[in-house]
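Report on the structure
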Amino acid sequence: MIDTKKSDDRIPNEILSSQKKWLKKCNGYFGLLTSHTASILIYLISIALACIFVSIILVTTTNTTGYNKDNLKRSVNESNCTCNCWDGFYRGKYARKSKGTEYKYVYFNYKQETLFIFITSLFYVDLLVNLIKKTLKHIINAFVSGTWSLRWSVLAVLAVNVYSNFWYGWNLVNFINDQDKRFIYEMSVLIIIELVLNFFYFKSLDRLSLKKSNYKPITMSSIAPIFWLNALNFGLRLPHRLHEKFFLELYTNFNKINVDEFLFFIKEVFGFLFVYFALKKTNRPSFPVVSKGDMKGKGGLVYFGLWFFISSAFYGIRYLIIQRHKI
């Protein structure tokens, strides 16, 4: 039973009657707050984990690829530092110097490119936060209900694809920051391909619906784009791999292999394995009849044909961009 008298005491008279009824239903402000405590905690933990993951990726990838020798020779004097390449406009009415130095942990200039870099960074971090939030909700649901509603194999595939997504996004930011426009347009096409691919992986994460616990099968509408976009990625990187003798080093000299290229190769292998097992699972008698119909006949051919056309269009756009901006 809700103590309506106490609830009324907590509700200001200025609030409309419809809002008062809504707050009474939530048992006042405190009840409303406690009902959202779990969501607030999940959101805060997701942000913290996203920041940790991004920091680890940046540090490890930088250490893996190595450092520029000339950069290592330059020592930074934080107590007496000046910067001629910083406009300092974001300081407003305050001077560039603070405590006798212009040293700052973060510098940025007032340019359109700076705004684009901020938007791109926030976009990718928000994608990661949403992935972590969804995973945490499924984990909590598993402890509460005792039923695993998440496809862990898909999460493993998506985790590798998250790296490639951030790799492309980080390189785009660096090309813009370096005022190097040679690869920006080509990189933009590859980023769109990766984002579309990861959307279908993200869509396939739910084994059961969190609200109604309904089974959510992986259908051809997800399998077809994952297959063709992975095939496109593999085909685009194949000439580079052959030139760098990637497959030979993979077999004979694994210790000296390019880590980035290896992770890209692994994500493509995982993608093809995802397609294989998803198709194999549809032949099981327990698989829903509706999904079986989606996999067979005209429905399956339409999805495969559609995404073959879309993948070919991506390839054509990238080829035209390369030809137009060829150095």
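Notes on the structure in this doc start here.

1. A short note on the side chain of Asp-180
Topologically, Asp-180 is positioned in the loop between α7 (152–177) and α8 (184–203). Here Asp-180 falls in the buried class, since its relative accessible area comes to 17%. A distance of 2.7 Å separates the side chain of Asp-180 from the side chain of Arg-182, its partner in a polar contact.

2. A short note on helix α6 (residues 112–145)
Taking 1.5 Å as the rise per residue, α6 with 34 residues should run 50 Å; its terminal C-alpha atoms sit 49 Å apart, in good agreement. Gly-146 sits one or two residues past α6 and shows a positive phi near 80°.

3. A closer look at the side chain of Glu-194
One can find Glu-194 in helix α8. Using a relative accessible area of 1% as the deciding quantity, one classes Glu-194 as buried.

4. Overview of the packing of aromatic side chains
Applying the stated criterion across every chain yields a total of 22 aromatic pairs. Relative to Tyr-105, the ring of Tyr-103 lies with its centre 5.7 Å away and its plane at 80°, an arrangement referred to as edge-to-face. The partly exposed category is assigned to Tyr-103, whose relative accessible area is 24%. Among the residues examined, Tyr-105 registers a relative accessible area of 75% and is labelled exposed. Here the aromatic rings of Phe-200 and Trp-307 are separated by 5.4 Å at their centres, their planes lie at 90°, and the arrangement is edge-to-face. Linking Phe-200 in helix α8 with Trp-307 in helix α13 (residues 297–324), this pair joins segments that are 107 residues apart in sequence. According to the relative accessible area criterion, Trp-307 is buried, its value standing at 12%. Three or more aromatic residues joined by ring pairs make a cluster, and in this case those are Trp-86, Tyr-90, Tyr-107, Phe-108 and Phe-118.

5. Remarks on the packing of α6 against α8
For the pair α6 and α8, interaxial distance at closest approach is 13 Å and the crossing angle is 15°. Relative to α8, the element α6 lies roughly parallel. Here the hand of the crossing between α6 and α8 comes out left-handed. Listed contacts from α8 to Phe-123, Tyr-124, Leu-127, Asn-130, Leu-131 and Lys-134 of α6 are Ile-191, Leu-195 and Phe-202. Of the residues that constitute the contact of α6 with α8, the class distribution is seven nonpolar, one polar and one charged.

6. Observations regarding the pattern of salt bridges
Scanning the entire structure with this criterion turns up nine salt bridges. Put simply, Lys-134 and Asp-206 hold a salt bridge, and the shortest N to O gap is 3.0 Å. One end of the pair, Lys-134, is in helix α6; the other, Asp-206, is in the loop between α8 and α9 (220–243), with 72 residues separating them in the sequence. Taking relative accessible area as the criterion, Lys-134 reaches 16% and is therefore assigned buried. Here Asp-206 falls in the buried class, since its relative accessible area comes to 11%. In this structure, the salt-bridge partner of Arg-241 is Glu-261, at a minimum N-O distance of 2.6 Å. Taken as a pair, Arg-241 in helix α9 and Glu-261 in helix α11 (residues 259–281) lie far apart in primary sequence, 20 residues in all. Assessed through its relative accessible area of 5%, Glu-261 is described here as buried. One continuous salt-bridge network, built from bridges that share partners, spans Arg-237, Arg-241, Glu-261 and Glu-268.

What counts, and at which threshold
- Residues numbered from 1 in each chain as written.
- Predicted model: local features only at pLDDT ≥ 70, side-chain atom pairs only at ≥ 80, totals over all residues.
- Heavy atoms only, no water.
- Helix = DSSP H or I, 4+ residues; strand = E, 2+ residues; numbered from the N terminus.
- Buried < 20%, exposed > 50% of the residue type's maximum accessible area, 1.4 Å probe, protein only.
- Polar contact = N/O pair within 3.5 Å; in protein donor to acceptor, adjacent residues only side chain to side chain.
- Expected span 1.5 Å × (residues − 1).
- Phe/Tyr/Trp six-rings, centres within 6.5 Å; stacked < 30°, edge-to-face > 60°.
- Axes fitted to C-alpha atoms, helices over the stretch in contact; angles between N-to-C directions.
- Parallel < 35°, antiparallel > 145°, perpendicular 65-115°, else oblique.
- Left-handed = near helix turned anticlockwise from the far one by under 90°.
- Contact = heavy atoms within 4.5 Å.
- Nonpolar A, V, L, I, M, F, W, Y, C, P; charged D, E, K, R; others polar.
- Salt bridge = Lys/Arg side-chain N within 4 Å of Asp/Glu carboxyl O.

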